[in-house]
Amino acid sequence: MTTQTYPKIRKAVIPAAGLGTRFLPATKAIPKEMIPIVDVPMIQHIVEEIVRSGITDIVLITARHKHSIEDHFDFNYELEDTLEKKEKDALATISKSLGKMCNLIAVRQKMPMGLGHAVLCAAPVIGNEPFAVVLGDDLIDSTVPCTRQLIDIFEKEKTSVVGVMEVPQADVCKYGIVGGKMLNPRLMEVERLVEKPSPAVAPSRWAIPGRYVLTPAIFDCLREVKPGAGGEIQLTDGLQLLAQRERLLAYQYDGVRYDTGDRLGFIDATLAFSLRRPELREGVIELMKKHMGALK
Ligand code: UTP
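The rules behind each value
Residues numbered from 1 in each chain as written. Predicted model: local features only at pLDDT ≥ 70, side-chain atom pairs only at ≥ 80, totals over all residues. Heavy atoms only, no water. Buried < 20%, exposed > 50% of the residue type's maximum accessible area, 1.4 Å probe, protein only. Helix = DSSP H or I, 4+ residues; strand = E, 2+ residues; numbered from the N terminus. Pairing = 2+ DSSP bridges. Core = buried A, V, L, I, M, F, W, Y, C linked by side-chain atoms within 4.5 Å. Contact = heavy atoms within 4.5 Å. Polar contact = N/O pair within 3.5 Å; in protein donor to acceptor, adjacent residues only side chain to side chain. 1 Å grid on protein atoms, 1.4 Å probe; cavity = no way out; pocket = protein on both sides within 12 Å on 5 of 7 lines; lining within 4 Å. Points joined across faces, edges and corners; volume = space filled by probe spheres on them. Nonpolar A, V, L, I, M, F, W, Y, C, P; charged D, E, K, R; others polar. Phe/Tyr/Trp six-rings, centres within 6.5 Å; stacked < 30°, edge-to-face > 60°.

Looking now at the pairing of strand E1 (residues 11-15). E1 sits mainly inside the fold: 5 of its 5 residues count as buried. Side chains Lys11, Val13 and Pro15 project from E1 onto one buried face, and the interleaved Ala12 and Ile14 project onto a second face that is buried too. Pairing of E1 with strand E6 (residues 131-134), which is carried by 2 bridges, proceeds in the parallel orientation. Looking at E6, one finds that Val13 is bridged to Val133.

Rendered as structure tokens:
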């Protein structure tokens with residue numbers, strides 16, 4: 001394997017074209033990614049992480065009925081003008097800042113053919129550059145944005161890297177799990193990836209939640225992957241092929257992850273984010289006490 005030189009990471013892909021079936025009926029007409037954690041849509045947290053990581057060109061993999069995501073990151077002249085006329089300048093500024101936040105390039109995934117297929121849809125826009133992938137329903141709360149942590153590893157090691165978190169042995173069956181050679185306590189050279197292994201055969205407890213920095217070689221790998229059950233092309237299968245062709249690293253990032261695509265993960269994130277809002281904190285604690293009392 002040779003070490004290549006790559007340009008800087010300039011683009012991030014957000015796959016957000018899934019059906020969001022775990023959130024039905026809410027997701028029948030509303031994109032899952034637009035469901036708010038308190039009052040900020042899930043995807044705004046994701047875009048903010050990417051922007052804080054130094055990237056403003058974002059390729060959104062989208063689908064029918066998901067226009068509202070693009071609208072959210074655009075100006076809304078009518079709303080902003082009305083807010084200004086009513087002297088609600090702070091709210092008008094919030095709305096306008098979303099329009100300026102990033103350059104969103106929307107690409108349609110015409111059928112939900114899996115996460116690997118969604119990433120492949122970005123190939124014509126990404127071209128021959130390395131890029132980040134950040135899942136639209138996976139929130140990672142950290143001081144240094146998780147995507148930035150992975151970009152730092154990429155810039156040092158000059159090869160693809162997936163973000164991983166350690167999970168309890170009993171939970172490995174819920175994730176893609178990496179196995180390989182430990183380079184230091186937080187960095188592994190990946191030799192294999194197993195999708196949802198049983199605890200007995202899992203190669204480690206390092207799970208891939210939804211952060212990646214990848215070289216463009218991933219696109220050829222995804223083109224070669226055979227669709228699995230349900231005709232879906234899995235990103236894990238593409239990464240397995242990538243690990244055979246290039247060095248693939250796994251980095252245990254610093255941060256707390258919330259699986260906001262899952263109902264309990266969503267409630268967890270809602271509580272955590274509302275408790276740190278000074279204007280909501282006391283009220284939320286009172287509500288929690290009330291509900292805990294009702295359980296006694
Ligand atoms: P998920 O499987 O968690 O999301 O995919 P989903 O398919 O939307 O939701 P459920 O499982 O039916 O409830 C992880 C991410 O990959 C995107 C999803 O939008 C989500 O952000 N994805 C998944 C795509 O963009 N295209 C796909 O074909 C599948």
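Let us look at the nonpolar core. For soluble globular proteins, the rule of thumb is that nonpolar side chains tend to be buried together. By size, the foremost hydrophobic cluster in this structure holds 39 residues, and its most contacted members are Ile61, Phe131, Val162, Val178, Ile218 and Leu239. By residue number, the principal contributor to this core is helix H9 (residues 235-245), which donates 5 residues. If we ignore the near neighbours within four places in the chain, the residues touching Val162 are Leu150, Val178, Ile208, Arg211, Tyr212, Leu239, Leu248, Leu249, Ala250 and Tyr251. Of all hydrophobic cores here, the second largest spans 38 residues; its members include Ala16, Val47, Leu60 and Ala207.

On the secondary structure map, Gln109 appears in the loop between strand E5 (103-108) and helix H5 (115-120). With a relative accessible area of 5%, Gln109 lands in the buried category. Within the structure, Gln109 has its side chain in polar contact with the backbone oxygen of Gly114 (distance 3.3 Å). Other than its neighbours up to four places away in sequence, Gln109 contacts Ala17, Ile61, Thr62, Ala63, Gly114, His117, Ala118 and Cys121.

Before going further, it helps to examine the layout of surface pockets. Approximately 1300 Å³ is the volume attributed to the largest pocket. Arg22, Leu115, Leu135, Asp137 and Lys196 are the residues nearest the centre of the largest pocket, which is lined by 41 residues in total. Where the lining of the largest pocket is concerned, the elements lending two or more residues are H5, H9, strand E14 (256-259) and helix H10 (263-275). Partitioned by chemical class, the residues of the lining of the largest pocket number 18 nonpolar, 10 polar and 13 charged.

Here the structure, examined in full by the defined rule, presents 5 aromatic pairs. When the centroid spacing of 5.5 Å and the interplanar angle of 80 degrees are considered together, the rings of Phe23 and Phe266 count as edge-to-face. Of this pair, Phe23 sits in the loop between E1 and strand E2 (36-37) while Phe266 sits in helix H10; the two residues are 243 residues apart in sequence, bridging distant segments of the chain. Comparing Phe23 with Phe266 shows no difference in burial state: the two are buried. With a centroid separation of 5.8 Å and 70 degrees between ring planes, the pair formed by Tyr258 and Phe273 is classed as edge-to-face. With a gap of 15 residues between them, Tyr258 in strand E14 and Phe273 in helix H10 connect regions that are remote in the sequence.

Functional significance is not addressed by these values, which are geometric in nature.
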